[in-house]
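What follows is the residue order along each chain.
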There are 2 protein chains.
Amino acid sequence: MVRQNIKIAVDAVVFGYKDRNLNVLLIKRDVAPYRNYWALPGGLVLNEESLEQAVERELREETNVTIDYLEQLYSFGEPGRDPRNRVVSVAYFALVKPEHHSIKADTDANDVAWFSVKELPELAFDHLKILRMAKDRLKNKLSYEPIGFDLLANKFLFSDLEKLYTTILEKDIDRRNFRKKILSLDILEELDEKVSEGRGRPANLFKFNQKQYAKLKKDNFLFDIK
Amino acid sequence: MVRQNIKIAVDAVVFGYKDRNLNVLLIKRDVAPYRNYWALPGGLVLNEESLEQAVERELREETNVTIDYLEQLYSFGEPGRDPRNRVVSVAYFALVKPEHHSIKADTDANDVAWFSVKELPELAFDHLKILRMAKDRLKNKLSYEPIGFDLLANKFLFSDLEKLYTTILEKDIDRRNFRKKILSLDILEELDEKVSEGRGRPANLFKFNQKQYAKLKKDNFLFDIK
DNA sequence: GCAAAAGTGTTGATCCTACACCCATGG
DNA sequence: CCATGGGTGTAGGATCAACACTTTTGC
């Protein structure tokens, strides 16, 4: 029997949201294969670390972002997805709040940048496929779990939340119905702070009430926003 | 830098449904570690095969079942989940129709059997954790994808479908409302065949209309059964 | 004829969808 | 005073949940 010769890696699809744009964090490869292509941050798992630790380490080393939400996405293991060795990659799905958008000052060759998912460069390996799957996951998940809040600042305007949903779900939302539904869930805290965004009537700030959500969830409460 | 020394395996949680019981396919290990414990079928991935091929091969070799539905479940990679070497396991989720329930005649040491998920033996490794996740997946998925049909014979009674839902979701269902809702989806074909199950009024047989479902799905149709 | 399972409709409550005007501010 | 975005209610339609009796067969 031939000895198994497969490497195991992790890759992360890290989403950020800013200016009505869904962005993804990419790094420019400075080694072959796919030298000078943009790719998802990631790399081989070390012998003693868990998969999550590997993702966190790679993100720290390559991009310097702090992650606000992380979950496993899918594992990609086709022979030939890496032209040199066989590599099975466990892909992760991550969200970053605007507070944590700042990335590593590009030291030298190893460039890091946010790209709008609407204007992606050509990606290395099967990373486009992974990214597409992550986008689908985000789209789906937005409807039945309150993860949108991990893409917004801690304090946000209702219109921010609404724009986030329209942007990511790529469809219009009725403002009144949306507000009614979200507020009826009773997971937002309305702050006593208004903010005037240039022109127009100043708007109230809201906060996601994590504890309240946790409590409701225990009672089989269903978050469900279409 | 230390050379990576991690093995990659696949494991499968294979569900079958029979006599109002959700069953899972297990094999009895005949090698250490966990010798003589029951475990999920699975094993190391070969250098040249895809992950899916590995699952299919292992199931063929170890259990001889034919799979009707297969999807990736989750990857488990904690260091220490295998006491000897580090192994990352990509777990799969599989469903088998009653037509395919027959398993390998137990050749000798290597035993294979269906266990009710209500009466499980102690399992090797972290396989109980994997099984629990698969059960959750099945429960969730039953509500928004028509995968229940992959646990039923090609021709089935409406009451079979209903019992399957009550068994797996572990809750009562209103017979009239359930029938109304499923029939309104327009994905079942009512056959012109009746079957008399011992006593009681003979019941009509139904078939799942895969093509019709595929067509509806393209039009953004939502399967949604609570 | 009785036990067992199959088949079938209606109603009230709830939720969803569509829709338009006034308010508070900055320039 | 006007442009810009914020905030709000209602009504009709659709969907859901609750509920019980009749039919067909085997014994």
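Up top you'll find the structure we're talking about.
Throughout this document, residue positions are counted from 1 along each chain, in the order its sequence is written. Chain A is the first chain written and ligand 1 is the first ligand written, with later ones labelled in order. This being a predicted model, a pLDDT of at least 70 is required before a residue's local features are given, and a value of 80 or more before pairs of side-chain atoms are given or counted; all residues contribute to the totals for chains, interfaces and linings.

### Description of the sheet that holds strand β9 (residues 188–195) of chain B
Residues and elements named next belong to chain B. Here 3 strands make up an open sheet; going across it, the order is β8-β10-β9 and the pairing antiparallel. This sheet does not close on itself; its edge strands, each paired only once, are β8 (155–157) and β9. With strand direction ignored, the average angle separating the axes of adjacent strands in the sheet is 40°. Bridge analysis of β9 against strand β10 (residues 203–208) gives 5 bridges, and the strand direction is antiparallel. In the strand pairing of β10, Glu189 is matched with Lys207. Only strands joined by at least two bridges in the DSSP assignment are considered to pair. Helix and strand assignments follow DSSP, with helices taken as H or I runs no shorter than four residues and strands as E runs no shorter than two, numbered in order from the N terminus. For helices, the axis comes from a line fit to the C-alpha atoms of the stretch in contact; other axes are also lines fit to C-alpha atoms, and the angle between any two N-to-C directions lies between 0 and 180 degrees.

### Some remarks on the pairing of strand β2 (residues 21–28) of chain B
Residue and element names in this part refer to chain B. Of all 8 residues making up β2, 6 are buried, and the element is well covered by its neighbours. Pairing of strand β1 (residues 7–18) with β2, which is carried by 4 bridges, proceeds in the antiparallel orientation. From the neighbouring strand, Tyr17 faces β2, where its bridge partner is Leu22. As paired strands, β2 and strand β7 (residues 112–116) are joined by 5 bridges and run antiparallel to one another. Its bridge partner being in β7, Leu25 is matched across the sheet by Trp114. Looking at chain direction, β2 and strand β3 (residues 38–39) are connected through 2 bridges and run antiparallel. Paired with Lys28 across the bridge in β3 is Trp38. Comment: burial labels come from other C-beta atoms within 10 Å of the residue's own C-beta, placed from the backbone, where a count of 20 or more is buried, 12 or fewer is exposed, and between is partly exposed.

### A short note on the environment of Lys226 of chain B
Within the secondary structure layout, Lys226 of chain B lies in the segment after α5 (210–218). On a C-alpha basis, the gap between Lys226 of chain B and Ile173 of chain B in space is 8.8 Å, while along the polypeptide they are 53 residues apart.

### So, the protein's contact with DNA strand C
For each residue, a C-beta atom is positioned from the backbone; the residue is called near a molecule or strand if that atom sits within 6 Å of it. Neighbouring DNA strand C are 21 residues, the closest being Arg201 of chain A together with Ser159, Arg176, Gly200 and Ala203 of chain B. Listed by contribution, the elements that provide at least two residues to the surface near DNA strand C are α4 (175–185) of chain A together with α3 (158–169), α4 (175–185) and β10 of chain B. Per-element accounting of the surface near DNA strand C gives the leading share, 4 residues, to α4 of chain B.

### A look at the sheet that holds strand β9 (residues 188–195) of chain A
Residues and elements named next belong to chain A. Here we have 3 strands laid out as an open sheet, ordered β8-β10-β9, and antiparallel in their pairing. Each edge of the open sheet carries a strand with a single partner, namely β8 (155–157) and β9. For this sheet, the mean inter-axis angle between neighbouring strands, taken without regard to orientation, is 40°. Pairing geometry for β8 and strand β10 (residues 203–208), over 3 bridges, is antiparallel. Opposite Phe156, over in β10, you have Phe206 as the bridge partner.

Just geometry here; none of it tells us what the structure is for.
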